[in-house]
Structures are given as C-alpha cells and as structure tokens.
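Single-letter residue listing:
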Amino acid sequence: MIKVTKPTKKQLAENADKMKAAIEKLKERAKERENEAK
Amino acid sequence: MNINEIVGRLKAGGLDASSTNRSAAVYVTEARSGRAEPGWFGFRIVCDSEATERRVRAVLSRWYDIDANGNVWRLKSKNRVPLMAIKRGGVPPTPPTPTSDYLYFEAAQANSTVSMMSTMSMAPDLEYSTDGETWQEWQHTTAEGTHTFDTLTLTNIGDRVYLRGDNPNGLCEVPEGVQQPNFSNFTLTGSINGGGNIMSLLDTSMVLTEVPQYGFVLLFSFLGEGQGSSVLLTPPAMDTITAIGDFGCYSMYGECTSLTAAADMPSLNVIGENALKQAYSGCSSLTAAADMPIVSSFGESSIASMYEGMSDITVLCEADMQTQTVTSLKFEFPELPVNVGTKTLDTLLGVVMYIVYGV
C-alpha cells in the first residue's frame with residue numbers, strides 16, 4: 001500500500017536550495033568545457 | 001568458414017559438439033550481431049562446463065588464436081575480425097522481449113519513499129498507480145521555482161508504484177541562450193529496486209524509442225554534499241531505446257552507489273554528443289556494464305567518463321598498430337563483457353583515457 005503526503009515548507013525550501021546548487025555546478029562544468037575547447 | 005567446419009573440428013578433437021542439439025556438451029550457433037558489417041561474433045560456442053571449455057580452447061587453438069576472454073581470432077588476419085566467442089552455460093539464452101511494463105519503483109525496505117523535484121518551467125506531466133491500471137495525477141507544489149512532487153511512501157517490502165507521463169521533449173529543458181538546464185531529479189529514500197520501461201515517463205504508450213536531447217539529465221543522480229545515494233539497487237529498463245539525443249542521459253545515475261548493474265541497451269544504435277557522459281559516474285557497486293551491441297554512431301564525448309571512478313574495469317581494444325586506429329572496443333567488468341561496437345580513435349591510450357577519465 002502507498003501513502004501520499006504533501007511536501008512540508010521545509011522540504012520545499014531544501015529542494016529549491018538543492019536544485020539551485022546543482023544548477024550552479026552544471027554552469028561551472030559548462031564553463032570549464034568551454035574553456036577547454038578554446 | 002561455416003558452422004559445419006567448426007563442429008567438425010571440435011568432433012575431430014573428441015568433443016560432443018553439435019549445431020542442432022542444444023543439449024550437446026558443445027553447442028555451436030550462429031550469433032546475432034545485429035549489424036550488416038563483419039559481425040562482432042560470427043559464431044557462438046556454448047560449453048556446458050569449465051572442463052569442456054578448456055578442451056574446446058585446446059582443440060581450436062590448433063587453427064585459431066584465442067584470447068583470455070574466449071574470443072577466437074583468425075590467425076594472421078589483417079583485420080582481426082573476431083570469428084567466434086566461447087561461452088560457458090548449457091543453453092544459449094533466448095532474446096528477451098522488450099520491457100512493456102510501466103516504470104516502477106519497488107520497495108526493498110519498508111517505508112521507502114519516492115518523490116521528484118523539477119525546475120522546468122512547467123512541471124512534468126506524471127501519473128502514478130499501484131497496479132498499473134488505475135492512475136492518478138501525481139501532484140506537485142511549486143516554491144522558489146522548484147516543483148516538488150508529493151511523497152509516495154511504499155509501506156511494505158514489495159510494494160510498487162508505477163509511473164507514466166507524456167513528456168515527449170524530456171524531463172529537462174535548456175532555455176535558448178541560457179547555460180543552465182532546468183532538470184528533474186528523483187528523490188528516493190530507503191532501498192528501492194527500479195524496473196519497467198523508463199520510456200513510460202516520456203510516453204504513456206511507450207511507442208517513443210528515442211530519448212530527446214537533455215531528456216534524462218541527472219534524473220537519478222545524487223545531488224548535494226556527501227558520499228552519494230545508496231537507495232537505488234537496480235535501474236529501470238532501457239531496452240527499447242534506439243537513440244539518445246545530445247546530453248540525453250548525461251550523469252543520469254551519478255553516484256548511485258548501490259546500483260549493481262547498468263541498464264542494457266540492446267536496441268541502441270545512435271548515441272548523441274555527451275549523451276551517456278558520466279551516466280554511471282561514481283556508481284561504485286557496479287559489477288556489470290551496459291550491453292550496447294549494435295551502436296553504430298558515437299557522438300563527440302558520447303561515452304566519455306561513462307563509468308568514471310570505476311577502478312575495476314578493463315577496456316579491451318583491437319587495434320591496427322600501423323595505422324594507429326582502434327577497430328574494436330569493449331568494456332569488461334569482472335563479471336560480464338559489454339560490446340560497444342566499433343569506433344575509430346587515434347591511439348590505444350587515448351581510448352582508455354577517454355572512456356574512464358573522459359580526457
């Protein structure tokens with residue numbers, strides 16, 4: 001059986017931070033790739 | 001070279017060999033390589049035991065070169081096309097039927113949970129079901145530009161939740177002129193076996209076989225600080241996928257430290273640029289690489305660092321040393337070999353560095 005629960009405010013905030021941090025990492029890697037290509 | 005010649009030589013060496021009787025100690029069959037060019041294996045020799053395998057090698061080595069992996073090469077062949085593979089195991093496996101189940105997560109531990117976060121401008125369209133028949137919308141809440149889907153708790157071991165949706169452009173978008181992708185990521189806790197066809201996330205009818213560019217970027221990847229995620233034990237099936245667009249599976253399973261096997265892709269033909277780059281980077285429990293036997297097109301950096309961090313990996317290459325080109329290439333983990341087709345690269349060392357280190 002599965003239970004369904006809505007995210008808490010804390011979870012929403014934590015998830016937003018996690019995604020922002022991951023996106024920043026991806027941007028850095030993209031810049032590194034660009035520099036390597038030059 | 002024909003199959004009767006091989007059987008004849010094995011019989012002459014005192015072996016119970018046959019191309020028609022699967023129960024023979026040595027069963028010789030024509031292998032399917034799925035490609036029109038000289039195949040990876042022309043024939044497959046299946047032995048019923050280690051002792052039989054040793055005898056087969058001894059008999060065939062009078063005429064052929066046999067490497068440590070049981071691949072049989074024509075002696076003094078200019079092109080080094082492998083003729084046969086010697087395998088252990090009584091009956092050749094029947095080809096698996098493509099996975100038609102919807103993607104699912106099954107609890108290996110009670111109270112395992114499944115959720116997803118996404119920064120796409122519109123949250124992915126997804127439904128869930130406990131039986132694969134009755135579906136409900138998987139709802140989400142949006143805050144600070146991130147959509148968080150409701151947490152689905154699998155109460156008991158063996159509980160399953162199926163997922164499907166219509167997201168033909170993938171679960172990630174890269175707005176024009178912007179460097180960052182807006183991607184989706186599963187949040188899993190507990191211990192979970194994945195299964196079913198991953199393409200049900202993009203197409204509820206699972207007719208779609210091409211992963212769009214950026215489609216599954218970072219989908220199961222561990223985000224955040226720390227040692228990775230030990231939740232996912234097995235990946236969902238990727239066996240109907242025929243092509244992966246640029247960045248399609250980039251870092252898809254990054255640092256899933258309990259994943260023991262990579263998803264086979266027996267239908268995969270085309271890998272776009274960076275499409276499988278770092279796909280299994282940091283998956284420290286892998287003992288089997290993905291089988292990709294019919295890939296004919298490798299985009300730039302398509303498999304760079306695909307298994308980054310693996311210390312126990314062998315890359316086997318056949319090369320023409322005069323022209324410095326690699327004519328065949330495969331990964332080998334301790335348990336299973338994988339065939340990635342043929343690729344021309346500049347140097348042998350370059351091949352190893354490229355696949356394991358991405359340089």
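Residues numbered from 1 in each chain as written. Chains lettered and ligands numbered in written order. Predicted model: local features only at pLDDT ≥ 70, side-chain atom pairs only at ≥ 80, totals over all residues. Heavy atoms only, no water.

**Here we look at the side chain of N15(A)**
Working step 1: If you trace the backbone, N15(A) turns up in helix α1 (residues 9–37).
Working step 2: Setting aside its immediate chain neighbours within four residues, N15(A) contacts M117(B), T146(B) and T148(B). (Helix = DSSP H or I, 4+ residues; strand = E, 2+ residues; numbered from the N terminus. Contact = heavy atoms within 4.5 Å.)

**Details of the packing of aromatic side chains**
Residue and element names in this part refer to chain B.
Working step 1: Inspection of every chain in the model, using the stated rule, returns 11 aromatic pairs over all chains.
Working step 2: Arranged with centres 4.9 Å apart and planes meeting at 45°, the rings of W138 and F149 form a pair that is tilted. You can see W138 sitting in the loop between β10 (136–137) and β11 (140–143) and its partner F149 sitting in strand β12 (residues 146–149), a full 11 residues away along the chain.
Working step 3: Exposure remark for W138: the relative accessible area of 1% places this residue in the buried category.
Working step 4: A centroid spacing of 5.1 Å and a plane angle of 0° characterise the contact between F220 and Y253, whose relative ring orientation is stacked. With F220 in the loop between β17 (210–211) and β18 (232–234) and Y253 in the loop between β19 (243–244) and β20 (270–271), the pair connects residues that are 33 residues apart, well separated along the chain. The same class applies to F220 and to Y253, which are both buried.
Working step 5: Site record: aromatic cluster; members linked through ring pairs are F105, F186, F220, Y253, Y280 and Y307.
Working step 6: If you follow R160 out to its NZ or CZ, it ends over the ring of Y104, 3.7 Å from the centre. (Phe/Tyr/Trp six-rings, centres within 6.5 Å; stacked < 30°, edge-to-face > 60°. Buried < 20%, exposed > 50% of the residue type's maximum accessible area, 1.4 Å probe, protein only. Lys NZ or Arg CZ within 6 Å of the ring centre and 35° of its normal.)

**Some points on the nonpolar core**
Working step 1: Ranked by size, the top nonpolar core spans 55 residues in total, and within it F105(B), F186(B), I198(B), F220(B), Y253(B), L276(B) and Y280(B) carry the most contacts.
Working step 2: If one sorts the elements of this core by residue count, strand β7 (residues 103–107) of chain B sits on top with 3 residues. (Core = buried A, V, L, I, M, F, W, Y, C linked by side-chain atoms within 4.5 Å.)

**A closer look at the pattern of salt bridges**
Working step 1: With the rule as written, the count across this model stands at 6 salt bridges over all chains.
Working step 2: Across the salt bridge formed by K20(A) and E144(B), the nearest N and O atoms sit 3.1 Å from each other. Here E144(B) lies in the loop between β11 and β12 and K20(A) lies in helix α1, a pairing that spans two chains.
Working step 3: On the accessibility criterion, K20(A) (41% relative accessible area) is partly exposed.
Working step 4: Between R160(B) and D101(B) there is a salt bridge, with its nearest N and O atoms 4.0 Å apart. One end of the pair, R160(B), is in strand β14 (residues 160–164); the other, D101(B), is in the loop between β6 (82–88) and β7, with 59 residues separating them in the sequence. (Salt bridge = Lys/Arg side-chain N within 4 Å of Asp/Glu carboxyl O.)

**Comments concerning the sheet that holds strand β21 (residues 297–298) of chain B**
Residue and element names in this part refer to chain B.
Working step 1: What the 4 strands build is an open sheet, ordered β17-β19-β20-β21; its pairing is parallel. Across the chains shown, the open sheet's two edge strands, defined by having one partner strand only, are β17 and β21.
Working step 2: Here β19 runs beside β20; their pairing, made up of 2 bridges, is parallel. What sits directly across from A243, in β20, is V270. (Pairing = 2+ DSSP bridges.)

**A look at the sheet that holds strand β9 (residues 127–129) of chain B**
All names here are of chain B.
Working step 1: Pairing is mixed across the open sheet formed by 6 strands, whose spatial order is β10-β9-β14-β7-β16-β18. Lying at the two open borders of the sheet, with one neighbouring strand each, are β10 and β18.
Working step 2: Where β7 meets β14, 4 bridges bridge the pair, whose relative direction is antiparallel. Bridge assignment links F105 to a residue of β14, and that residue is V161.

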